Amino acid sequence: MSEFTSKIRTIQWIDTYSRMVDQTKFPDKFEYVDIKTGEDMFSAIRTMIVRGAPAIGIAGAHGIVLFAQEGIDKFNTREEFSSWLIQKAEYMKTSRPTAVNLMWACQKQIEVIKSSTSDKAGLIEELKQNAIKLENEDIEINKKIGDYGAEVVPKGATILTHCNAGALATVGYGTALGVVRSAFAKDNTVQVFADETRPRQQGARITTLELTMDGIPVTLITDGMCSYFMKKGMIDMVCVGADRIAANGDTANKIGTYTVAIAAKYHNIPFYVAAPLSTIDTTIKTGDEIIIEERSHEEVTMINGKSVCAEGVNVINPGFDVTPNELIAGIITEKGILRPDYKNSIKEVFQK
Ligand code: MRU
């Protein structure tokens, strides 16, 4: 097992609260923060103390347990308690709009609320157990993704990744970086090129940190450099994570991913997406239906608290983009690698 995953859980339920690695502090500090109320969890997701699609899914599930603990004495009947809690779960889904794992995990908790026949205290226990189950499953799923993905990593490959789809974007092990970890375990000549990933620099701040902690060679590049290195023959494959995948395979991931995919296609380099099935949203036909998060202008205008542009300049800051399915060589899931035509392969994998 990777050193990182054996020691660190990005997010974990502890008795009555949620403990998570504070991702706003990287790379200066590696600190945990304990979240003890539902409102604080909503804000931890929104402010990206916890980030990455699978990790915010688990955070949402924890947040609903926190709300349940707070609400137990507010309602006389179990019915009133349940309907209030469902409203809180729907609210938790709105803490960030693009990553569907958040809605998926909150929905799993809503199903528990709706199907439970226990009293209020019993329901809280069931919600807690369900959250812990989702946590544990996340690591198992990521290891399966890693093992399937490792099969398509060429010997001695240099893998380009964008943003952070690692242990710190999940409970542990990671999706795209899970593929890297599994490939590296088989062949320690594999290495990574990490895009810096403006504006929040998840590649620089987080991907380089966790790969370095695991002793996996990583080279940091700025986002605009990827085609330069592709042309030089220095990139063998691209592997990225995903925030939402439509029924036709169109994939939303961190802003800049689409540019990498176009460059990879031009240079004939396979572009893979690694994601659990919970990231696939079969309710939407194409990527056009994916809501793209708009983030604060300061993320673009400021670096380390200092303005880097003319005062008052116009700014647009979408957090994600959508890579069209025709640019994707395969979607690596816990049930194997899905190949084009994605409309069919996605349909089939959900029928298995
Ligand atoms: O805005 P973030 O940091 O939450 O965005 C994260 C990404 O885009 C990841 O690539 C994606 O969530 C996959 S994480 C396994």
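Residues numbered from 1 in each chain as written. Predicted model: local features only at pLDDT ≥ 70, side-chain atom pairs only at ≥ 80, totals over all residues. Heavy atoms only, no water.

Trainee: Explanation requested: the overall build of the protein chain in the structure shown.
Mentor: When helices and strands are counted, the protein chain shows 12 helices and 16 strands. Taking 352 residues into account, the globule formula puts the C-alpha radius of gyration at 20 Å, and the protein chain, at 20 Å, falls close to it. Each principal axis of the C-alpha distribution contributes one length, and for the protein chain these read about 70 × 55 × 40 Å. The buried share of the protein chain, reckoned over its 352 residues, is 57%. (Helix = DSSP H or I, 4+ residues; strand = E, 2+ residues; numbered from the N terminus. Rg over C-alpha atoms; globule rule 2.2 N^0.38 Å. Buried < 20%, exposed > 50% of the residue type's maximum accessible area, 1.4 Å probe, protein only.)

Trainee: Sorry if this is basic, but what is going on with the packing of helix 6 (residues 120-150) against helix 7 (residues 176-186) here?
Mentor: Axes are the key here: two packed helices are described by the angle between their axes and the distance separating the axes. Contact pair helix 6 / helix 7: the axes reach a minimum separation of 7 Å and the direction vectors enclose 60 degrees. One element, helix 6, and the other, helix 7, form an angle in the oblique class. Here helix 6 runs over helix 7; the crossing is right-handed. Two secondary-structure elements touch here, helix 6 through Lys 143, Ile 145, Gly 146, Asp 147, Gly 149 and Ala 150 and helix 7 through Gly 178, Val 179, Ser 182, Ala 183 and Lys 186. Here the residues of the contact of helix 6 with helix 7 sort into four nonpolar, four polar and three charged. (Axes fitted to C-alpha atoms, helices over the stretch in contact; angles between N-to-C directions. Parallel < 35°, antiparallel > 145°, perpendicular 65-115°, else oblique. Left-handed = near helix turned anticlockwise from the far one by under 90°. Contact = heavy atoms within 4.5 Å. Nonpolar A, V, L, I, M, F, W, Y, C, P; charged D, E, K, R; others polar.)

Trainee: Explain the packing of aromatic side chains to me, please; I cannot follow it from the model alone.
Mentor: Remark: the centre distance and the inter-plane angle together describe each pair of aromatic rings, the angle taken between the planes. Applying the stated criterion across every chain yields a total of 10 aromatic pairs. When the centroid spacing of 6.5 Å and the interplanar angle of 20 degrees are considered together, the rings of Phe 81 and Trp 84 count as stacked. Of the two residues, Phe 81 and Trp 84 both sit in helix 4 (residues 78-92), three residues apart, roughly one turn of that helix. Residue Trp 84 is classed as buried on the basis of its relative accessible area of 14%. (Phe/Tyr/Trp six-rings, centres within 6.5 Å; stacked < 30°, edge-to-face > 60°.)

Trainee: Help me out: how do you make sense of unusual backbone geometry in this one?
Mentor: Most of the time, phi is negative for any residue but glycine, and the peptide bond is trans. Put simply, Arg 198 and Pro 199 share a cis peptide bond, and its omega is 5 degrees. Along the chain, Pro 199 falls in the loop between strand 5 (191-195) and helix 8 (202-213). The step from Pro 340 to Asp 341 runs through a cis peptide bond, and the omega angle for that step is 0 degrees. Mapped onto the elements, Asp 341 comes out in the loop between strand 16 (336-338) and helix 12 (342-351). With a phi close to 70 degrees, Met 48 is a non-glycine residue in the positive phi region.

Trainee: Sorry, what's going on with the sheet that holds strand 15 (residues 330-333) here?
Mentor: With mixed pairing, the seven strands of this open sheet are ordered in space as 6-5-4-7-10-15-16. The open sheet has two free edges, formed respectively by strand 6 (218-221) and strand 16, since each of these has just one partner strand. Within the sheet, the average angular offset between the axes of one strand and its neighbour, ignoring direction, is 25 degrees. Bridge count between strand 7 (residues 237-240) and strand 10 (residues 271-274): three bridges; the pairing is parallel. Across the sheet, residue Val 238 finds its bridge partner in strand 10, namely Phe 271. (Pairing = 2+ DSSP bridges.)

Trainee: Help me understand helix 10 (residues 257-266), please; the structure alone is not making it clear to me.
Mentor: One turn of an α-helix holds 3.6 residues; hence residues three or four places apart share an orientation. Every buried residue belonging to helix 10 is among Thr 257, Val 260, Ala 261, Ala 263 and Ala 264, and all of these are buried. Along helix 10, the residues classed as buried sweep out an arc of 165 degrees about the axis, all on the same side. Facing away from the buried surface of helix 10 by more than 90 degrees, the exposed residues are Thr 259 and Tyr 266. Within two residues after helix 10, Asn 268 carries a phi angle of roughly 60 degrees, on the positive side. (Arc of directions from axis to C-beta.)

Trainee: Before we go on, may I ask you to explain the nonpolar core in this structure?
Mentor: Inside soluble globular proteins, nonpolar side chains tend to come together where they are buried. The biggest cluster of nonpolar side chains holds 43 residues, and the ones touching the most others in it are Met 20, Met 41, Ile 45, Phe 81, Leu 85, Met 92 and Leu 127. Where this core is concerned, the elements lending two or more residues are strand 1 (11-14), helix 2 (38-46), helix 3 (53-71), helix 4, helix 5 (100-115) and helix 6. Looking at this core element by element, the count peaks at 11 residues for helix 3. Ile 221, Val 240, Ile 269 and Val 349 belong to the second largest nonpolar core, which has 28 residues in total. (Core = buried A, V, L, I, M, F, W, Y, C linked by side-chain atoms within 4.5 Å.)

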